[in-house]
Amino acid sequence: MKYRIFVVYLIFQLCTVCAFAEEHSTQNDSTEYQETSSEIVNSRNEEHGAESDHKVNQPYDPAATAIHHISDANVYSILDLIRIPLPMILYAPDKGWDIFSSGKFETGDHEDGHFANYGYVLHQGSVHRVVEEGFPTEGLTDIGEHAFTHKSEEKKGKKVDVSYVKYNGKEYRLDARSTLDGGMLGGGITSFYDFSLSKNVLSMILVSLFLIWIFKRTAKSYKENPNRAPKGMQALLEPIFLFIRDEVAIPFIGKDKYMKFFPLLLSIFFFVLGLNLFGQIPFFGSTNVTGNLTVTMVLALLVFFIVNFNGKKDYWMHIFWMPNIPVFIKPLLAAVEIMGLFIKPLTLMMRLAGNIAAGHIAILSFIGLIFIFGNSGTNMGGGVIGTVMAIPLTLFMMAIELIVAFIQAYVFTILAASYIGAAIEEHHHPQEHNH
Amino acid sequence: MTGTLAAVGAGLAVIGVGIGIGMVGGKAVEAIARQPEAAGDIRAVMLLMAAFVEGAGLIAILLSIFMAG
């Protein structure tokens, strides 16, 4: 038994080294490597006729690495060995639509593209646009292997990290990623719109297809053998199904009305659970779909609209003119209730995204210990100590995340059920009936 | 400087949430010990309340992240 644990430990240790080998080989290293890499850069720059002031060896930045790994991407990388190109659908108001495959970027180390296409470049897995004059806006352009640099700039009193791409000896500013997450992860709508089928979208489609497949199979086995004890996938899903019905739907919505909302609750539960667990699979892209504020925003909006479109008279009465309390408190309470109307979906959105993203960040930070202790790869003893510390911590965190995946899916469902229940509840006593 | 202050703020928010969730969990365990037959209901309410407390904490933490960024 002890022996087996040791073997599992060793396997994980090897896997982690593989997973971060990319980080290891480019960011940090012995002087020998620095020389070779600067030689490569030199030869690159000579090709383009430029001076070699480009630095490859940057100190390890745990926060930036974590943010990069939890963000959405335009290429699906599995262990940096397999890179699945995804379709790019980009729209710029001044330029029109551009549709091509992200395979054209020829993704390399750090998920940086070696080619620019129609004025778009791939940097750290996501697409950026170059709007400055002089950068080619048509067709494929070779920009080389280490073409990207970062600079810190002051913007409205804050320090902002801006990326630059080097082409023909001149540096061009990259527009930030175009995302809807309110700029929290360095996004916001910039000079272009990104409608691409990204890594997160692909994961969502995969998980949805998988869920449809297992539920079709389960439904079929119920039809074929209605009077037999469940087995296989059926036996796994039936308790969860009954749990959602008996512990979530019926107590919160009511025995006579729950059937209308039960499919919604089950869909939310299995969709969130499936994506939470999908993101936990090590070395399989580790997509952070439910940890993405945009995805949870859509889920929360769905719940918000369903709750408010199904709201009965009593529900609106309790928001705008709470019965059975003194009149002078009523407007005050109405203000609070109207705020609550929007805070409810807001917390729904933030709770799920925060918990899942925090779990991913914690795992990435623990793995980052290897590079912090190892002094970005220059101190081997420190690296070994870091690895020995990082593996048990990571395994522990992954076990916790497994529980969190279930709890967050359950909490999202139970809160959705309680909001729906509050909206459709009908009081059987007449209003203002002092009792 | 703002980054450091924001980090301190996030830490302070977590103290409050920790106390809150600890109380919810502790009282729920007491309640289940007193009335084991109601364990299912108590657990559901406990998770719901913990989620509300956590929601307040998450808003504080996200606010501090925005301030830091």
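Residues numbered from 1 in each chain as written. Chains lettered and ligands numbered in written order. Predicted model: local features only at pLDDT ≥ 70, side-chain atom pairs only at ≥ 80, totals over all residues. Heavy atoms only, no water.

1. Details of the domain arrangement of chain A
Residues and elements named next belong to chain A.
For step 1, the next point in the chain: Here chain A is partitioned into domain 1 (77–197) and domain 2 (201–424).
For step 2, the next point in the chain: Put simply, the middle of domain 1 and the middle of domain 2, counted by C-alpha atoms, are 32 Å apart.
For step 3, the next point in the chain: Facing nine residues of domain 1, the contacting portion of domain 2 comprises eight residues.
For step 4, the next point in the chain: When domain 1 packs against domain 2, the two sides together hide about 690 Å² of surface, and 81% of this comes from carbon and sulfur.
For step 5, the next point in the chain: Across the contact surface, domain 1 and domain 2 share zero salt bridges.
For step 6, the next point in the chain: One can count zero residue pairs in polar contact (both at pLDDT 80 or more) joining domain 1 with domain 2.
For step 7, the next point in the chain: Across the side of domain 1 that touches domain 2, the residue classes tally to six nonpolar, two polar and one charged. (Domains from an automatic or database assignment. Contact = heavy atoms within 4.5 Å. Buried area = accessible area lost by both parts, 1.4 Å probe. Salt bridge = Lys/Arg side-chain N within 4 Å of Asp/Glu carboxyl O. Polar contact = N/O pair within 3.5 Å; in protein donor to acceptor, adjacent residues only side chain to side chain. Nonpolar A, V, L, I, M, F, W, Y, C, P; charged D, E, K, R; others polar.)

2. Side note on the interface of chain B and chain A
For step 1, the next point in the chain: Taken together, the contact between chain B and chain A spans 14 residues of the former and 17 residues of the latter.
For step 2, the next point in the chain: Between chain B and chain A, roughly 1,400 Å² of surface is buried when both sides are summed, and carbon and sulfur atoms account for 77% of that area.
For step 3, the next point in the chain: Taken together, chain B and chain A are joined by zero salt bridges.
For step 4, the next point in the chain: On inspection of chain B and its partner chain A, the count reaches zero residue pairs in polar contact (both at pLDDT 80 or more).
For step 5, the next point in the chain: Of the residues belonging to the side of chain B that touches chain A, the class tally is 10 nonpolar, three polar and one charged.

3. Regarding the side chain of T290(A)
All names here are of chain A.
For step 1, the next point in the chain: Within the secondary structure, T290 is located in the loop between helix 7 (258–278) and helix 8 (293–309).
For step 2, the next point in the chain: Of the polar contacts made by the side chain of T290, one reaches the side chain of N276; its length is 2.5 Å.
For step 3, the next point in the chain: Other than its neighbours up to four places away in sequence, T290 contacts V272, L275, N276, T296, L352, A353 and I356. (Helix = DSSP H or I, 4+ residues; strand = E, 2+ residues; numbered from the N terminus.)

4. Remarks on helix 6 (residues 233–253) of chain A
All names here are of chain A.
For step 1, the next point in the chain: Helix length check: helix 6, at 21 residues, gives a terminal C-alpha distance of 28 Å against a target of 30 Å (1.5 Å per residue), a fit within 8%.
For step 2, the next point in the chain: R245 marks the point of greatest bend in helix 6, at about 30 degrees.
For step 3, the next point in the chain: Every buried residue belonging to helix 6 is among Q234, L237, I244, V248, A249 and I253, and all of these are buried.
For step 4, the next point in the chain: Buried residues along helix 6 sit against helix 5 (199–224), helix 7 and helix 11 (380–424). (Expected span 1.5 Å × (residues − 1). Bend = angle between axes of the 7 residues up to and from the residue. Buried < 20%, exposed > 50% of the residue type's maximum accessible area, 1.4 Å probe, protein only.)

5. Remarks on the packing of helix 7 of chain A against helix 8 of chain A
All names here are of chain A.
For step 1, the next point in the chain: Between helix 7 and helix 8, the shortest axis-to-axis distance is 12 Å and the interhelical angle comes to 170 degrees. When the interaxial angle is binned, helix 7 and helix 8 end up roughly antiparallel. On the side of helix 7, the interface is formed by F261, L264, I268, F271 and V272, while helix 8 contributes L299, L302, V303 and I306.
For step 2, the next point in the chain: The residue inventory of the contact of helix 7 with helix 8, partitioned by class, reads nine nonpolar, no polar and no charged. (Axes fitted to C-alpha atoms, helices over the stretch in contact; angles between N-to-C directions. Parallel < 35°, antiparallel > 145°, perpendicular 65-115°, else oblique.)

6. What to know about the packing of helix 5 of chain A against helix 7 of chain A
Helix-helix packing is described using two parameters, namely the angle between the two axes and the distance between the axes.
Residue and element names in this part refer to chain A.
For step 1, the next point in the chain: With their axes 10 Å apart at the nearest point, helix 5 and helix 7 run at an angle of 120 degrees to one another. Relative to helix 7, the element helix 5 is oriented oblique. Regarding helix 5 and helix 7, the two cross each other, and that crossing is right-handed. Taking contact as the criterion, the partners of S203, M204, L206, V207, S208, L211 and F215 in helix 5 are, on helix 7, F270, F271, G274, L275 and F278. (Left-handed = near helix turned anticlockwise from the far one by under 90°.)

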